[in-house]
Amino acid sequence: MSLDPALGVQFVAVVGEAWARADAGSCARYGTDALMRGHPADLVLLPETAAEVARIAALCHTHRVPLTVRGAGTGYTGGAVPVRGGILVSMERFNRILEIDEGNQLAVVQANVITGDLQREVEARGLFYPPDPASLKQSALGGNVAENAGGPRAVKYGTTRRYVLALEAVLPTGEIIRTGSKTVKNVVGYDLTQLLVGSEGTLAILTELTLRLVPKPAVQATLSAAFPGIDEAVDAVSRLLAARVVPATIEIIDAVSLGAVEAYLDRPVVPAGTGALVIAEVDGFPGGVEEEITRVASACHAAGATEVRRARDEAEREALWEARRALSFALRALAPRKINHDLVVPRGRVPELFALVAAVRARHDLLIPCFGHAGDGNIHVNLMVDPANDDEMARAHLAEQELFAGVVALEGSISGEHGIGFAKAPYLGLELSPDVMALMARVKAAFDPHGILNPGKMWEVDSRDQEIDPEIRR
Ligand SMILES: Cc1cc2nc3c(=O)[nH]c(=O)nc-3n(C[C@H](O)[C@H](O)[C@H](O)COP(=O)(O)OP(=O)(O)OC[C@H]3O[C@@H](n4cnc5c(N)ncnc54)[C@H](O)[C@@H]3O)c2cc1C
């Protein structure tokens, strides 16, 4: 759509000219996320207060203007892409930590505080905010809540959802609401807080978050185990789970991904000839940690590890995690586009998930490096493609459909943490029944009667939204 200029003036007046962007460059830049398939907004607004957000929402509601919210723009499914144009609200000025309450072990933050910044602040006070998406140095807490982000530590600590106590949010009709409370228990009314977690910016605009903290673990121990191939590495994970060991993280990385990260970091990460790597970390009190890390090492040896290396100090631990966090960027050097799917299966079915990927890879002759949160059954399956190669794109499309159908057949899910956005919207019906999708549509209508907030996302499939301009990149 293109915005009526007179209406545009009203929107700009809400935030002031200094905080509005209408030039083509800004509209395109704010129109993408890590999916790298974008669409420009008509106008970008950078409000500072919930009251300003509420006035913008009310104007959009009254005049039926699409409104899309953007956190840090690191999402992988196009959630923050304004697929139908209109207003893009960037939350970047909501960047203050408002309170760290050590006694009650909670933090109150504005929605766009960077995840890693909060972690650093609370850890300095002996507290811990566990959710740790690999994007933690870039992504914002509001985006994490909107996507219910996971990360390596979810195997022990759970996903973002577990840490959200209360929210301040602006409804698409313009009201400012508060849900939840600072208490650890609260059963008054429907749990709207948890309904908004994972709602991908389709139900409300989050402006303030009250987050639960836990005590910082006293010590950590981290090891990496090199295996000749992916089967042995997967076997090690199965043995750990069978032995009832619950490390804080169990990550797995395949050979292609290891090669890419070594090239990206320009240093060796694993011994030559390694076919897969497992990174495991345990945390807690010193005695328990020693016992657990020993059991992790034993499981890795029993599964055929060629080398088990324990990080001797914080620098070695950080070097290992640097390699893990660099993976998403490193893979980009392998092909012009990375189609990143965060498939998830029940933990015990991870071997079947890798078998599924191997079959799809062979059938369609595609490069599909895999890595991820093996302890959660959540593996990042990356289709590396060249959009200019029509044949390869067609094969990737088929491969994608087979992977999605395959994980659902394995009692898994097409998304463990990245959400649906517009990229996976056409596949929602693979996993959800028509009755469930109809109920979701009614929930959406209750929040957003005119359907102005983040249209074209999640359950709302429209062929127009799939024809996104692939040339708009960030
Ligand atoms: C290198 C890399 C590694 C990653 N690793 C992980 C990982 O380990 N685990 C994981 O879960 N994800 C991961 N991601 C994906 C991404 O970082 C997460 O989905 C993250 O939660 C998105 O946060 P954001 O602030 O960038 O949100 P955005 O991309 O800006 O937005 C994401 C969605 O949230 C909505 N939204 C954002 N802010 C608000 C708000 N204030 N109110 C309402 N809705 C809002 C948007 O409308 C959109 O639908 C990774 C991404 C990258 C690039």
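Predicted model, so just to flag it, every value in this text is computed and none were measured.

Chemist: Tell me what's going on with the site of the ligand, and back it up with residues and numbers.
Modeler: Near the ligand you find 37 residues, and of these V69, G71, T74, G75 and S135 are the closest. Within the contact set of the ligand, an oxygen atom lies 2.7 Å away from a backbone nitrogen or oxygen of G71. The biggest single contributor to the shell around the ligand is helix α5 (residues 141-147), with five residues. Considered class by class, the residues forming the shell around the ligand number 16 nonpolar, 17 polar and four charged. Residue assignment places the shell around the ligand across two domains, with domain 1 (97-215) and domain 3 (335-419) each supplying three or more.

Chemist: Explain the pairing of strand β18 (residues 378-385) to me, and be specific about the residues and the numbers.
Modeler: On a regular strand, each side chain points to the face opposite its neighbour's, so the side chains alternate between the two faces of the sheet. Among the eight residues in β18, eight count as buried, and that is most of the element. The two faces of β18 match: N378, H380, N382 and M384 on one face and I379, V381, L383 and V385 on the other face are all buried. With eight bridges joining them, strand β16 (residues 337-344) and β18 adopt antiparallel strand pairing. By the bridge assignment, K338 is partnered in β18 with M384. Bridge count between strand β17 (residues 370-373) and β18: four bridges; the pairing is antiparallel. Note that in β18 the partner of G372 across the bridge is I379. Here β17 folds back onto β18 in antiparallel fashion, the turn holding four residues, of which G377 has a positive phi close to 75°.

Chemist: Describe the nonpolar core, and please don't skip the residues or the numbers.
Modeler: F227, I252, V296, L353, I379, V381 and L403 are the most contacted members of the largest nonpolar core, which has 54 residues in total. Summarising the domain contributions, this core has at least three residues from each of domain 2 (218-326) and domain 3 (335-419). Aside from chain neighbours lying at most four places away, what touches L353 is L343, V345, G377, I379, V407 and L410.

Chemist: So what's going on with a nonpolar patch on the surface? Which residues, and what values?
Modeler: A contiguous nonpolar surface patch, about 350 Å² in accessible area, is contributed by Y190, L192 and L195. By the element assignment, Y190 lies in the loop between β9 (176-180) and α7 (192-196). Residue Y190 is classed as exposed on the basis of its relative accessible area, which comes to 79%.

Chemist: Break down the domain arrangement of the chain for me, citing the residues and quoting the values.
Modeler: Taken domain by domain, the chain consists of domain 1 (97-215), domain 2 (218-326) and domain 3 (335-419). The straight-line distance from the C-alpha centre of domain 2 to that of domain 3 is 22 Å. Between domain 2 and domain 3, the residue contacts involve 13 residues of the former and 16 residues of the latter. Across the domain 2/domain 3 interface, buried area totals approximately 1100 Å², and carbon plus sulfur atoms make up 65% of it. Put simply, domain 2 and domain 3 have six residue pairs in polar contact (both at pLDDT 80 or more) between them. Of the residues assigned to the side of domain 2 that touches domain 3, the class counts are eight nonpolar, two polar and three charged.

Rules behind the numbers
- Along each chain, numbering runs from 1 in the same order as the chain's sequence is written.
- Side-chain atom pairs in this predicted model are given and counted only at pLDDT of 80 or more, local residue features only at pLDDT of at least 70, and totals for whole chains, interfaces and linings cover all residues.
- Side-chain measures were taken over the full set of non-hydrogen atoms in the model, leaving aside hydrogen atoms and water.
- Only a single heavy atom is needed: when it lies within 4 Å of a molecule or strand, its residue is near that molecule or strand.
- What qualifies as a polar contact is a pair of N or O atoms within 3.5 Å, subject to a donor-acceptor requirement within protein and to the restriction that residues adjacent in sequence count only when both atoms come from side chains.
- Numbering of helices and strands runs from the N terminus, with a helix taken as a DSSP run of H or I at least four residues long and a strand as a DSSP run of E at least two residues long.
- Each residue is assigned to one of three groups, with Ala, Val, Leu, Ile, Met, Phe, Trp, Tyr, Cys and Pro labelled nonpolar, Asp, Glu, Lys and Arg labelled charged, and all others, Gly among them, labelled polar.
- How far each domain reaches was decided by an automatic or database domain assignment.
- When a residue's accessible area, from a 1.4 Å probe over protein chains only, is under 20% of the maximum for its type it is buried; when over 50% it is exposed; and in between it is partly exposed.
- Pairing between two strands requires that DSSP report at least two bridges joining them.
- Throughout this description, the term nonpolar core refers to a set of buried Ala, Val, Leu, Ile, Met, Phe, Trp, Tyr and Cys residues connected via side-chain atoms within 4.5 Å.
- Between two residues, a contact is recorded if the distance between any of their heavy atoms is within 4.5 Å.
- Residues qualify for a patch when their relative accessible area is over 30% and they have no salt bridge, like charges being joined within 9 Å and the nonpolar side chains of Val, Leu, Ile, Met, Phe, Trp and Tyr within 5 Å.
- Computed with a 1.4 Å probe, the accessible areas rest on the Shrake-Rupley method; for each residue, only the protein chains presented here act as cover.
- For this analysis, a salt bridge means a side-chain nitrogen from Lys or Arg found within 4 Å of a carboxyl oxygen belonging to Asp or Glu.
- Two parts placed together each lose some accessible area under a 1.4 Å probe, and the buried area is that loss summed for both.

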